[in-house]
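Below, each chain spelled out in residue letters.
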Amino acid sequence: MTDENITGHLLMLGYLAQFVCLQFLGENKFCRPIKSFDMNTVESTLGIDGTQYTSYYLLIAGEVD
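Residues numbered from 1 in each chain as written. Predicted model: local features only at pLDDT ≥ 70, side-chain atom pairs only at ≥ 80, totals over all residues. Heavy atoms only, no water.

Novice: Hey, could you run me through the overall build of the chain in this one?
Specialist: Per the secondary structure count, the chain includes two helices and two strands. Radius of gyration (C-alpha) of the chain: 14 Å, far over the 11 Å computed for a compact globule of 65 residues. When each of the 65 residues of the chain is scored for burial, the buried share is 12%. Excluding contacts between residues fewer than 6 apart, the proportion of contacts in the chain whose partners are at least 24 apart in sequence is 63%. (Helix = DSSP H or I, 4+ residues; strand = E, 2+ residues; numbered from the N terminus. Rg over C-alpha atoms; globule rule 2.2 N^0.38 Å. Buried < 20%, exposed > 50% of the residue type's maximum accessible area, 1.4 Å probe, protein only. Contact = heavy atoms within 4.5 Å.)

Novice: How do you make sense of a nonpolar patch on the surface when you look at a structure like this?
Specialist: On the surface, Leu10, Leu16, Phe19, Val20, Tyr56, Tyr57 and Leu59 cluster together to form a nonpolar patch covering roughly 650 Å² of accessible area. For the nonpolar patch, the leading source of residues is helix H1 (residues 3-24), giving four residues. Mapped onto the fold, Leu10 is located in helix H1. (Patch = residues over 30% accessible without salt bridge, like charges linked within 9 Å, V, L, I, M, F, W, Y side chains within 5 Å. Areas by Shrake-Rupley, 256 points an atom, 1.4 Å probe, with all protein chains shown as cover. Salt bridge = Lys/Arg side-chain N within 4 Å of Asp/Glu carboxyl O.)

Novice: What am I meant to see in unusual backbone geometry here?
Specialist: Comment: phi is negative for the bulk of residues other than glycine, and the bulk of peptide bonds are trans. Notably, Asn28 is not glycine yet its phi reads approximately 65°, a positive angle. With respect to the secondary-structure elements, Asn28 resides in the loop between H1 and strand S1 (29-34). Assessed through its relative accessible area of 46%, Asn28 is described here as partly exposed.

Novice: Just checking my understanding: could you explain the confidence of the model for the chain for this structure?
Specialist: Where the model shows low pLDDT, its predicted coordinates should not be examined in detail. With 95% of its residues at a pLDDT of 70 or more, the chain shows a mean pLDDT of 86. Within the chain, no element has a lower average pLDDT than H1, which sits at 86, and none a higher one than strand S2 (residues 58-63), at 91. (pLDDT = per-residue confidence, 0-100.)

Novice: Can you walk me through helix H2 (residues 39-46) in this structure?
Specialist: Since the α-helix packs 3.6 residues into each turn, any two residues three or four apart lie on the same face. One side-chain oxygen at the N-terminal end of H2 lies 2.9 Å from the backbone nitrogen of Asn40; it belongs to Asp38. Backbone geometry just downstream of H2 places Gly47 in the positive-phi region, at approximately 70°. (Polar contact = N/O pair within 3.5 Å; in protein donor to acceptor, adjacent residues only side chain to side chain.)

Novice: Would you mind showing me how to read the side chain of Glu43 here?
Specialist: Note that Glu43 resides in helix H2. The buried charged residue Glu43 lacks any salt bridge, with Lys35 as its nearest oppositely charged partner at 21 Å. (Lys, Arg positive; Asp, Glu negative; His and termini not counted.)

Novice: Explain the environment of Tyr56 to me, please; I cannot follow it from the model alone.
Specialist: The topology assignment puts Tyr56 in the loop between H2 and S2. Relative accessible area serves as the criterion here: at 44%, Tyr56 is assigned to the partly exposed category. A C-alpha to C-alpha distance of 12 Å links Tyr56 and Leu16, two positions 40 residues apart in sequence. Discounting residues that sit within four places of it in the chain, Tyr56 has contacts with Ile6, Leu10, Leu13 and Phe37.

Listed below in structure tokens is the structure:
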């Protein structure tokens, strides 16, 4: 992937994330993007092989009691 085409991919991830959030939302539910995170910590916590996949965009979702 080059610098010329990464912008389109990042925009697509943003649109997809917004779609997922809107589909999940409901009474007593939340879904938000995580703006800043440590990639190594995320990959380790979620068991992601950093040589095969990269975490570019994360969402946090849940229910409120």
